[in-house]
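Structure at a glance
Each chain, written out:
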Amino acid sequence: MKPISNRIYCLGCNHTKILFETEAKANNFIRFNSEEIFNATGKAPTRSYYCTFCCGWHVSSIENLEKANEADERDTAKWEMIFTKRSNHLRHTIDLLNSSQSSDPFYLIDALCQHCRESILALNLEEALAIFKDILLEETFLKAKGKIEKIKIEKIRNRERNVRYLQSALDIIAAYDINSETRLAYINKGEYSKNSLAKIYLQGKENLIGSNNIS
């Protein structure tokens, strides 16, 4: 059965894909699930490949080696484009943080996450979204660096949890920050509104609009 967990947004192909930690796990997935997936969708994964964007293994239904090579060349070009973009963003990020520790990748992503959180709390969603794009770039490079330099995986996973929490907050805000009715729908969920950052933003936005209406 095709799993719904372990799915990640891949910068290389611009959509979500299943991520496997090892080639063996990816190949086992193909071995035990191909027939069921083919019966359900009309196509099935036939090969596994390493993705430099996600630092893990994906599976693909593309059997044609020429097309597979074209995809690899596309990924290489995209990686170079992202690397250039990241280099350009990095200077702006360092200036933004104004710190001597900004060359430390862990400090960099932690500081960006904190800055993004502060922007959300200040109801500055535009700035928060701009910062979050830098966070996703830094997370990609941090995971790649971790693979190369064998950084303790838990240190990276701690950052991943922080990034996913911010992503959840921004997704909730996008879904509920439409009007007073939708904002209150999330605020009033009580214990079911698990993301306190999103709840604070929506409540703050509601209070701000209320005070503007009074004045």
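Details of the structure are given in the entry above.
Numbering of residues begins from 1 in every chain and follows the order in which that chain's sequence is written. Under the rules for a predicted model, residues below a pLDDT of 70 receive no local features and side-chain atom pairs below 80 are neither given nor counted, while totals for whole chains, interfaces and linings still include all residues. Excluded from the side-chain calculations are hydrogens and water; all other atoms, namely the structure's heavy atoms, are used.

**With respect to the state of the cysteines**
Cysteine pairs can be linked by a disulfide, which is a covalent bond between their two sulfur atoms. When the sulfur atoms of two cysteines come within 2.5 Å, that pair is taken as a disulfide. All chains considered together, the criterion is met by zero disulfides. Here Cys 113 is not cross-linked by a disulfide; its sulfur's nearest cysteine counterpart is in Cys 116, at 7.1 Å. Looking at Cys 113, the relative accessible area reads 9%, which means it is buried. Three exposure classes are used, based on accessible area relative to the maximum for each residue type with a 1.4 Å probe and protein chains only: buried under 20%, partly exposed in between, and exposed over 50%.

**A closer look at helix α6 (residues 180–187)**
For α6, the set of buried residues is Arg 183, Tyr 186 and Ile 187. Around the axis of α6, the buried residues are gathered within 100° of arc, so they sit on the same side. For this analysis, a polar contact is any N or O atom pair within 3.5 Å, provided that within protein one partner can donate a hydrogen and the other can accept it, and provided that sequence-adjacent residues contribute only side-chain to side-chain pairs. Numbering of helices and strands runs from the N terminus, with a helix taken as a DSSP run of H or I at least four residues long and a strand as a DSSP run of E at least two residues long. Here α6 starts with a cap whose side-chain oxygen sits 3.1 Å from the backbone nitrogen of Glu 181, and that cap is Asn 179. Picture the helix axis, draw a direction to every C-beta atom, and the arc is the one those directions span.

**A short note on the nonpolar core**
By nonpolar core is meant a set of buried Ala, Val, Leu, Ile, Met, Phe, Trp, Tyr and Cys residues that side-chain atoms within 4.5 Å join together. Of all hydrophobic cores here, the largest spans 25 residues; its most connected members are Cys 116, Ile 120, Phe 132, Ile 135 and Leu 166. Broken down by secondary-structure element, the contributors of at least two residues to this core are α3 (105–121), α4 (125–149), α5 (153–176), α6 and α7 (196–214). Should any heavy atoms of two residues lie within 4.5 Å, those residues are counted as being in contact. If we ignore the near neighbours within four places in the chain, the residues touching Ile 120 are Ala 128, Leu 166, Leu 170, Ile 173, Leu 197 and Tyr 201. Among the nonpolar cores identified, the runner-up in size contains eight residues, and Phe 20, Phe 29, Ile 37 and Trp 57 belong to it.

**Things to note about helix α1 (residues 23–41)**
With 19 residues, α1 ought to run about 27 Å at 1.5 Å a step, yet its terminal C-alpha atoms sit only 24 Å apart, falling short of that. Along its length, α1 shows its largest kink, about 60°, at Asn 33. Turning to α1, its buried residues are Ala 26, Phe 29, Ile 30, Asn 33, Ser 34 and Ile 37. Buried positions along α1 lie against β2 (15–18), β3 (47–51) and β4 (56–60). Of the residues one or two after α1, Gly 42 is the one with positive phi, at around 90°. A helix is expected to span 1.5 Å for every residue after the first. Bend, at a single residue, is the angle you get between axes fitted to the 7 residues ending at that residue and the 7 residues starting at it.

**What about the pattern of salt bridges?**
Note on definitions: salt bridges are taken to be side-chain nitrogens of Lys or Arg within 4 Å of carboxyl oxygens of Asp or Glu. Summed over the entire model, instances satisfying the criterion amount to six salt bridges. The residue Glu 21 makes a salt bridge to Lys 25 at a minimum N-O spacing of 3.5 Å. Given a relative accessible area of 52%, Glu 21 falls into the exposed group. For the salt bridge of Glu 206 with Arg 183, the shortest nitrogen-to-oxygen distance reads 2.7 Å. A residue pair is termed long-range when its members are at least 10 positions apart, and Glu 206 in helix α7 and Arg 183 in helix α6 qualify at 23 residues. The exposure class assigned to Glu 206 is buried, which follows from its relative accessible area of 16%. Among the charged side chains, a salt-bridge network with shared partners connects Asp 177, Arg 183, Lys 205 and Glu 206.

**Observations concerning the environment of Leu 202**
Along the chain, Leu 202 falls in helix α7. When its relative accessible area of 0% is taken as the criterion, Leu 202 is described as buried. For Leu 202, the residues in contact, after removing those within four places along its chain, are Ile 172, Tyr 176, Asp 177, Arg 183, Tyr 186 and Ile 187.

**Some words on the packing of aromatic side chains**
In summary, the pairing rule links any two rings of Phe, Tyr or Trp, Trp by its six-membered ring, whose centres are within 6.5 Å, and it sorts them by plane angle into stacked for under 30 degrees, edge-to-face for over 60 and tilted for everything else. What the rule picks out here adds up to three aromatic pairs. Considering the side-chain rings of Phe 20 and Phe 29, the 5.2 Å spacing of their centres and the 45° angle between planes classify their relative orientation as tilted. A residue is classified by how much of its surface remains accessible, and Phe 20, at 10% relative accessible area, is buried. Measuring from centroid to centroid gives 5.6 Å for Tyr 50 and Trp 57, while their planes differ by 70°, and the two rings are edge-to-face. On the basis of relative accessible area, Trp 57 is assigned to the buried category, the value being 18%.

**Some remarks on the pairing of β4**
For β4, the buried fraction is high: five of the five residues fall into the buried class. Strand direction decides the pairing type here: β3 and β4, joined by five bridges, are antiparallel. Across the sheet, residue Cys 51 finds its bridge partner in β4, namely Gly 56. At least two DSSP bridges between two strands are needed for those strands to be called paired. The loop that links β3 with its antiparallel partner β4 comprises four residues; one of these, Cys 55, has a positive phi angle of about 55°.

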